[in-house]
Amino acid sequence: MKHSFIDEYSGLDSFVHGLDPRTKLLCSLAFILAVVLTPVGTWQVYAVYLLIMAGMIWLSRLPLKYVLKRSLVIFPFVIMVVVFVPFFKQGQVVASYDIGTWHVTITYEGLQVLVNVVVKSWLCILCLIVLSSSTKFDQLLHGMYRLRVPQVFVQITSFMYRYMFVLADQAMRMQMARDSRNYGLNRGNIFKTMGNIIGMLFIRSYERAERIYAAMLSRGYSGEVVVVNQLRFRLPDAYFASALFLLLVCPAILWW
Amino acid sequence: MLTDKAVEISGLSYVYPDGQCGLKDIDLTISCGESVALIGPNGAGKSTLLLHLNGILRGSTAVKVQGLPVDDKNIREIRKKVGMVFQDPEDQLFSLNVYEDVAFGPVNMGFPAEEVDTRVKRALQKVGMRGYEKRSSHHLSIGEKKRIAIATVLSLDPGILALDEPTSSLDPRGKWALIDLLQKLPVTMIVASHDLDLVRCLCGRTVIMDSGRIVADGGTGIILGDEPLLRAHGLARDATAAGI
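It should be emphasised that the depicted structure is a prediction, and the values quoted were computed from it without experimental measurement. Here, residues in each chain are numbered from 1, in the same order as that chain's written sequence. Chain A is the first chain written and ligand 1 is the first ligand written, with later ones labelled in order. Totals for whole chains, interfaces and linings use every residue, but because this is a predicted model, local features are given only for residues with pLDDT of at least 70 and side-chain atom pairs only at 80 or more, for both listing and counting.

What follows deals with the overall build of chain B. Segments assigned H or I by DSSP are reported as helices when at least four residues long, segments assigned E as strands when at least two residues long, and all are numbered from the N terminus. Helix and strand counts for chain B stand at 11 helices and 10 strands. Based on C-alpha atoms, the radius of gyration is set beside the globule rule, defined as 2.2 Å times the residue count to the power 0.38. Its C-alpha atoms give chain B a radius of gyration of 18 Å, within 12% of the compact-globule value 18 Å for 244 residues. Seen along its three principal axes, the alpha-carbon backbone of chain B occupies a region of about 60 × 40 × 35 Å. Exposure is read from a count of other C-beta atoms within 10 Å of each residue's own; the residue is exposed at 12 or fewer, buried at 20 or more and partly exposed in between. C-beta atoms are placed from the backbone. Here chain B, with 244 residues, has 46% of them falling under the buried criterion. Whether two residues are in contact is decided by their C-beta atoms, placed from the backbone, lying within 7 Å. Taking as baseline every contact in chain B between residues at least 6 positions apart, the subset at least 24 positions apart corresponds to 64%.

Structural data, given as structure tokens:
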């Protein structure tokens, strides 16, 4: 069965693809921190960040359409979180409505928060998309490992990535098996079989985990994951990191 | 310690944690260089027995591998000697790419990086999978996965290979290719399988297991020629159905 990949375009060859994953991880972290820490309403700074991201996308040769499409996924979540802020935040009233006995007001400050949150999260997701699309997943994990991210996290992430598709396949097969036997079920029954499928999936994953662990033990696993080090910082890494650092610091000095 | 006995098992019993009996009084000695088939109906205890060979499961008495008893002290050495290939390659290939999977054993055994690299390349060469190093395991065909799974243990140069259903879910071409591959490997082999073609081609000796016991042990030709015996243990078509 066909699945989309997280690192679909990671096989491209570009300046960004060639950087050390550690550089990319740290730079992404710095960028996200900078975006998050920028005060509400400093639009010029956001413009600089957007330019940085545009430059990164251009440098990494990722298809713009792909990046933009992927970045849409966060909007439902973000909107769900902040959509009510304009109605509740105190401040200068932009508009007010009467719906029956209910008096609704929208404030300028509230709208500003809404737009800020949306813009900030969009910038961050752009950054993460460029990171994950320009780095092979195993390289990313190597980078995390070498940056001393706790092993447990690295291993969990690795297993998640490896078995996500296996699990999805399994779920799809079970769903097909259910659909081929399921005539005229009412909604309640569908939820019931769905519950069974999820339960079965859990048990199967649990059993698979046991078998994987046995396979790991058989090859000398002792709780420590040892990684053969293939990563090396190069000169472009230094250039890139310093350039990004300057770009992130400049607006802060200019406009704060 | 040099010995010509690859595996020595005497009086081994094993009870599953849920109280179900797994193995009962198993006596089995396998010489170095022998290829032994373990056949028997589902649930006969074939896989359970295999898991005792490298100490994943431990029963009532210690199994001896090349003269070494399987215990905590020897476990590292034993796991280097016994290469365990699991039935579902999806369980065996847990890393993100083929190289890391094949390197997992050697890295854990503490070999230096260059040694690991040569071992990985040699193992992939042996199963005819050079050039697959950077591929991700999930996107390989089942036949390729089986081969890589064998490479993951060959990278430790085991003297004994324990294979659980190596030809299951392979198409005939893939199955014969795998049998050819296994025939070329110069190691002691213990193969649990339902695939009688594989058993005939690969193994000189066959052991039948049923309900956790060994019920027959002998030359493959003799055992597989004994229709009533096979029928009694669910390995051949029922007499009435076959019209005998």
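Helix and strand content of chain A: 11 helices and two strands. Secondary structure elements of chain A occur, N-terminal to C-terminal, as α-α-α-α-α-α-β-β-α-α-α-α-α. Relative to the 2.2 N^0.38 estimate, which gives 18 Å for 256 residues, the radius of gyration of chain A is 24 Å and therefore markedly larger than a compact globule would have. Viewed in the frame of its principal axes, chain A has a C-alpha envelope of about 65 × 65 × 35 Å. For chain A, with 256 residues in total, the buried portion stands at 23%. Of all intrachain contacts in chain A linking residues separated by at least 6 positions in sequence, the fraction that spans at least 24 positions is 77%.

So, on to the sheet that holds strand β10 (residues 213-219) of chain B. All names here are of chain B. At least two bridges found by DSSP between two strands is the condition for calling them paired. In space, the six strands of this open sheet follow the order β6-β7-β8-β3-β9-β10, with mixed pairing throughout. Of all strands in the sheet, those with a lone pairing partner are β6 (82-85) and β10, marking the two edges. Averaged over all neighbouring strand pairs, the angle between strand axes comes to 15 degrees, with direction disregarded. Judged from the four bridges that link them, β6 and strand β7 (residues 160-164) form a sheet pairing that is parallel. When the bridges of β7 are listed, valine 85 appears paired with leucine 163. To get an axis, fit a line to the C-alpha atoms, keeping to the stretch in contact for a helix; angles then go from 0 to 180 degrees between the N-to-C directions.

By convention the nonpolar core is taken to be a set of buried residues drawn from Ala, Val, Leu, Ile, Met, Phe, Trp, Tyr and Cys and joined through C-beta atoms within 7 Å. In terms of nonpolar packing, the biggest core is built from 68 residues, with Leu38(B), Val85(B), Ala162(B), Ile190(B) and Val191(B) touching the most fellow members. In this structure, Leu19(A), Ile52(A), Ile57(A) and Leu131(A) belong to the second largest nonpolar core, which totals 26 residues.

Taken in spatial order, the four strands line up as β2-β1-β4-β5 (chain B) in an open sheet, and their pairing is antiparallel. Two strands close off the open sheet at either side, each with one partner strand: β2 (21-31) and β5 (68-69) of chain B.

Right, let's get into unusual backbone geometry. All names here are of chain B. The residue serine 169 is not glycine, and still its phi comes out positive at about 55 degrees. Of note, serine 169 is situated in the loop between β7 and α7 (172-184). Unusually for a residue other than glycine, serine 211 sits at a positive phi of about 50 degrees. Inspection of the secondary structure assignment puts serine 211 in the loop between β9 (205-210) and β10.

Keep in mind that low pLDDT regions are not for reading the predicted coordinates in detail. Think of pLDDT as the predictor's per-residue confidence, scored from 0 to 100. Put simply, chain B has an average pLDDT of 90, and 97% of its residues get 70 or more. If you check the scores for this complex, the pTM reads 0.80 and the ipTM reads 0.84.

Attention shifts here to the packing of helix α2 (residues 21-37) of chain A against helix α8 (residues 137-146) of chain A. Residue and element names in this part refer to chain A. It is at 8 Å that the axes of α2 and α8 come closest, and there the two elements cross at 75 degrees. Compared by their axis directions, α2 and α8 come out roughly perpendicular. Facing Pro21, Arg22 and Leu25 of α2, the residues of α8 in contact are Gln139, Leu140, His142, Gly143, Met144 and Arg146. Polarity classes work like this: nonpolar for Ala, Val, Leu, Ile, Met, Phe, Trp, Tyr, Cys and Pro, charged for Asp, Glu, Lys and Arg, and polar for all others, with Gly in that last group. For the contact of α2 with α8, the per-class residue count stands at four nonpolar, three polar and two charged. Convention used here: angles under 35 degrees read as roughly parallel, angles over 145 as roughly antiparallel, angles from 65 to 115 as roughly perpendicular, and any remaining angle as oblique.

The subject of this paragraph is the interface of chain A and chain B. With 23 residues of chain A at the interface, the matching set in chain B holds 26 residues. Of all the secondary structure elements, the ones that give two or more residues to the side of chain A that touches chain B are α8, α9 (151-179) and α10 (187-218) of chain A. Sort the elements by how many residues they give to the side of chain A that touches chain B and α10(A) lands first, with eight residues. When grouped by side-chain class, the residues that make up the side of chain A that touches chain B number 14 nonpolar, four polar and five charged.

Moving on, we get to the pairing of strand β2 (residues 102-107) of chain A. All names here are of chain A. Of the pairings in the sheet, the one linking strand β1 (residues 93-99) to β2 comprises six bridges and is antiparallel in character. Bridging across to β2, tyrosine 97 finds its partner in valine 104. Here β1 hands over to β2 after two residues, with glycine 100 in that stretch at a positive phi of 60 degrees.

Here the focus is the packing of α8(A) against α9(A). Residues and elements named next belong to chain A. Interaxial distance between α8 and α9 falls to 10 Å at its minimum, and their mutual angle equals 170 degrees. The angle between α8 and α9 falls in the class roughly antiparallel. Facing α8, whose interface residues are Phe137, Leu141, Met144 and Tyr145, α9 presents Val154, Thr157, Ser158 and Tyr161. Of the residues in the contact of α8 with α9, the class split is six nonpolar, two polar and no charged.

Residue and element names in this part refer to chain A. Looking at the secondary structure, you find glycine 18 in helix α1 (residues 15-18). Look at glycine 18 and you get partly exposed, because 13 C-beta atoms sit within 10 Å. Along the primary structure glycine 18 and leucine 141 are separated by 123 residues, whereas in three dimensions their C-alpha atoms are 16 Å apart.

Residues and elements named next belong to chain A. An ideal rise of 1.5 Å per residue puts 30 Å on 21 residues; helix α11 (residues 235-255) measures up with 31 Å between its terminal C-alpha atoms. Among the residues of α11, Phe240, Leu244 and Leu248 are the ones counted as buried. Seen end-on, α11 carries its buried residues on one side only, within an arc spanning 55 degrees. Within α11, the exposed residues directed more than 90 degrees away from the buried face are Leu235, Ala238, Tyr239, Ser242, Leu246, Val249, Cys250, Ile253 and Leu254. For a helix, the expected span equals 1.5 Å multiplied by the residue count minus one. To obtain the arc, one takes the directions from the helix axis to the C-beta atoms.

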